[in-house]
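Okay, here's what each chain looks like letter by letter:
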Amino acid sequence: FFIRIDIYLYFFIGVFIAAHAGLSAAGDWIRRRTAWILVAFMLACLSVAFYGFSDDPEHYWLLINLLRLTGPLAFMALAVYLEKGFLGSLLSRLAPASFTIFLGHVIVILIVWKAWQGLVGFSRHDAAWWAFFGLAVFLSAATLGLLWWVYDTIRTRLRDRSRGPT
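The structure displayed is predicted, hence computed values, not measured ones.

Undergrad: Could you give me a rundown of helix H4 (residues 60-82), with the residues and numbers involved?
TA: Approximately 40 degrees is the largest bend angle found in H4, and it occurs at threonine 70, with the proline proline 72 only one to four residues beyond. What H4 keeps buried is the set Tyr60, Ile64, Leu67, Gly71, Ala74, Ala77, Val80 and Leu82. Looking at the buried side of H4, the elements it contacts are helix H2 (24-32), helix H3 (34-52) and helix H5 (86-92).

Undergrad: Run through the packing of H3 against H4, naming residues and quoting values.
TA: Contact pair H3 / H4: the axes reach a minimum separation of 9 Å and the direction vectors enclose 150 degrees. Comparing their axes, H4 and H3 come out roughly antiparallel. Handedness of the H3/H4 crossing: left-handed. In contact with Thr34, Ile37, Leu38, Phe41, Ala44, Cys45, Val48, Tyr51 and Gly52 of H3, H4 contributes Tyr60, Leu63, Ile64, Leu67, Thr70, Gly71, Leu73, Ala74, Ala77, Leu78, Val80 and Tyr81.

Undergrad: Account for the environment of tryptophan 61, with residues named and values stated.
TA: Its place among the elements puts tryptophan 61 in helix H4. Its relative accessible area of 56% is what places tryptophan 61 among the exposed residues.

Undergrad: How would you explain the pattern of salt bridges if you had to name every residue and give the values?
TA: Using the criterion set out here, one finds three salt bridges in the structure. A salt bridge links aspartate 160 to arginine 163; the shortest N-O distance between them is 4.0 Å. Residue aspartate 160 and its partner arginine 163 are located together in helix H7 (residues 127-163), separated by three residues, close to a single helical turn.

Undergrad: Pulling in residues and values, what's your account of the packing of aromatic side chains?
TA: Considering all chains together, one arrives at three aromatic pairs under this definition. Geometrically, the ring pair formed by tyrosine 60 and tryptophan 61 is edge-to-face, given 5.1 Å between the ring centres and 75 degrees between the ring planes. For tyrosine 60, a relative accessible area of 16% corresponds to the buried category. Summarising the aromatic geometry, the rings of tryptophan 113 and phenylalanine 132 are spaced 4.9 Å apart at their centres and angled 50 degrees between planes, so their arrangement reads as tilted. Of the two residues, tryptophan 113 sits in helix H6 (residues 98-119) while phenylalanine 132 sits in helix H7, which places them 19 residues apart along the sequence. Exposure class is identical for tryptophan 113 and phenylalanine 132. Each is buried. Through a chain of ring-to-ring contacts, three or more aromatic side chains come together here, namely Trp113, Trp116 and Phe132.

Undergrad: Outline H3, listing residues and values.
TA: Taking 1.5 Å per residue, 19 residues should reach 27 Å; H3 reaches 27 Å between its end C-alpha atoms and fits that length. Every buried residue belonging to H3 is among Thr34, Ile37, Leu38, Val48 and Gly52, and all of these are buried. Viewed along the axis of H3, the buried residues span an arc of 100 degrees, placing them on a single side of the element. Along H3, the residues that are exposed and aim more than 90 degrees away from the buried face are Ala35, Trp36, Leu43 and Phe50.

Parameters and conventions
- Residues numbered from 1 in each chain as written.
- Predicted model: local features only at pLDDT ≥ 70, side-chain atom pairs only at ≥ 80, totals over all residues.
- Heavy atoms only, no water.
- Bend = angle between axes of the 7 residues up to and from the residue.
- Helix = DSSP H or I, 4+ residues; strand = E, 2+ residues; numbered from the N terminus.
- Buried < 20%, exposed > 50% of the residue type's maximum accessible area, 1.4 Å probe, protein only.
- Contact = heavy atoms within 4.5 Å.
- Axes fitted to C-alpha atoms, helices over the stretch in contact; angles between N-to-C directions.
- Parallel < 35°, antiparallel > 145°, perpendicular 65-115°, else oblique.
- Left-handed = near helix turned anticlockwise from the far one by under 90°.
- Salt bridge = Lys/Arg side-chain N within 4 Å of Asp/Glu carboxyl O.
- Phe/Tyr/Trp six-rings, centres within 6.5 Å; stacked < 30°, edge-to-face > 60°.
- Expected span 1.5 Å × (residues − 1).
- Arc of directions from axis to C-beta.

Scope: geometric values only; no functional claims are made or implied.
As structure tokens, then:
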């Protein structure tokens, strides 16, 4: 089974936070510490990445799982940092499609990964491996955002036709 169970946990935590306005104190705490959270998380990711290339990375997967636990906090801090800029404006256009992107990103990445393996190979020590997973984020958002747009366009047209002429 290729979908990690922690993804569902984070999704439901996000739904819970969004549905309870009283939890805005957490958002305020993150806003006041955005830069520190981002710097600390990037340093932790770099440290774990370098450790992963060591001769005997015995605790590598434990450290990866710890990063997964703190990743949503870093992602929220990144969202706070980007929300007012050009990139935030661009990403906000994907908001209606975000659930579709969330549900389908693993499937898109898995399909493209199979093709990538055949064309390029798949050693984690190879730059192409890192390039794939860097590009996979954009590929998933573009593919699934387009899928959602096609669905929404068809749905809107069908709804308008079912109402008949006014």
